[in-house]
Amino acid sequence: MTVRGRFAPSPSGRMHLGNLLAALLAWLDVRSQGGIMVLRIEDLDPQRCSLNKAEQLVEDLQWLGLDWDEGGLEPEYCQSHRSHHYQVAFDRLEAMGLVYPCYCTRAERLAASAPHASDGAVVYNRRCAQLTQTQRDMLEAQGRRPAFRVRVPHQTVTVDDGHMGPYTQQLDTDCGDFIVRRSDGVWAYQLAVVVDDALMGVNHVVRGCDLLTSTPAQAWLHRTLGYQPPAFYHLPLLVDAQGRRLSKRDRDLDLGVLREKYTPQELVGWLGWLAGLQKEPKSATPRQLISRFQWSKVPKKSIAIGST
Ligand code: GLU
Ligand code: ZN
């Protein structure tokens, strides 16, 4: 079967070192197997994303020397133009009786005395699943607009990650009923990513470990909608010398700044070295790394990066 991978960047700002590592390894995973690369723009949130930023992302990927075979800025590959697909999936979930409106404010959700997932995320306590139609009508009359949640079953889901190995969650207690449509009408990432990976025929998903905890819910949603989940490959997090997770606040690791200091070959060579594909951080093009790419060389534990 032909490997179909994807870049799925969010144009909410410049790419960060972690995004670059994910992009490079997704590209190597596809190119080393003669596969097809898709570029999808994850611009669901109109408050944070813009066409300008998406254009910058595309230009940044090209600057790095990463290419793709399908997608890009065409509307059919931009999530902001794909609402009709998410609506169809939403309607199907609703017809299965799995969707309910949730009127909780952020404060109410945080105050809820539900158990917490291992990563500290708040597991929703299903407060609104019990509401009667009369109670819903009263809340709407007060001007409250609901988000919509999907009700997950009491089920254990194991994802056999191609890089990290088996990862298991008990859906109702580790993940909880998750939002598929926000109260402002914006489709949730969890729904959009599943629908898009399925409709775009993506069968290899390479991305950062921060999304591993979302993966069992995504695999379950794929199956619930009648799709085959893709193979997942999660990458270790990048951390600083003190072991702290790098964040968007580390401005010096954003591509805007990195581009002033390095050539694309220097950056790619450095990323290739961090990923265990070469012994030294010497310059390389993405193409030169193809023959050296093997998942077994890539670290599984967090990767500490020195100062740049
Ligand atoms: N759009 C997400 C991000 O930029 C990636 C989603 C995914 O790879 O599933 O972090
Ligand atoms: Zn609620």
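A few points on the structure. Residue numbering note: each chain is counted from 1, following its sequence as written. Chains and ligands are labelled by the order in which they are written, letters from A for the one and numbers from 1 for the other. Only residues with pLDDT of 70 or above have their local features reported here, since the model is predicted, and side-chain atom pairs are shown and tallied only from 80 upward, although totals for entire chains, interfaces and linings are computed over all residues. To get the side-chain values, all heavy atoms of the structure are used, and hydrogens and water are removed first.

**Quick notes on unusual backbone geometry**
1) Next: The phi angle at R126 is positive, at roughly 65 degrees, despite the residue not being glycine.
2) Next: Structurally, R126 is set in the loop between α4 (106–111) and α5 (133–141). Secondary structure elements follow DSSP: runs of H or I of four or more residues count as helices, runs of E of two or more count as strands, with numbering from the N terminus.

**Side note on the sheet that holds strand β2 (residues 36–39)**
1) Next: The parallel open sheet is built from three strands, whose spatial order is β1-β2-β3. Of all the strands in the sheet, just β1 (4–7) and β3 (70–71) have a single pairing partner and so form its edges.
2) Next: Only strands that DSSP links by at least two bridges are regarded as paired with each other. With two bridges joining them, β2 and β3 adopt parallel strand pairing. Residue pairing in the sheet places L39 in a bridge with G71 of β3.

**Things to note about the coordination of the zinc ion (ligand 2)**
1) Next: Only C102 (SG), C104 (SG), Y124 (OH) and C128 (SG) from the protein reach the zinc ion (ligand 2) as donors, at distances of 1.9 to 2.3 Å.
2) Next: One way to put it: the four donor atoms around the zinc ion (ligand 2) meet at angles of 103 to 123 degrees, and that makes the site tetrahedral.
3) Next: Metal sites are built from N, O and S donor atoms within 2.8 Å, or 3.2 Å for Na, K and Ca, and they leave out water, so they may look incomplete. Positions of the donor residues of the zinc ion (ligand 2), expressed as sequence spacing, correspond to C-x1-C-x19-Y-x3-C. Of the two residues, Y124 and C128, neither departs from the other in class, the shared state being buried. In short, tetrahedral needs four donors with all angles between 85 and 135 degrees, square planar needs four and octahedral six donors with opposite donors over 155 degrees apart and all other angles between 65 and 115, and whatever is left is irregular. Each residue gets one of three labels from its accessible area relative to the maximum for its type: buried under 20%, exposed over 50%, partly exposed in between, using a 1.4 Å probe on protein chains only.

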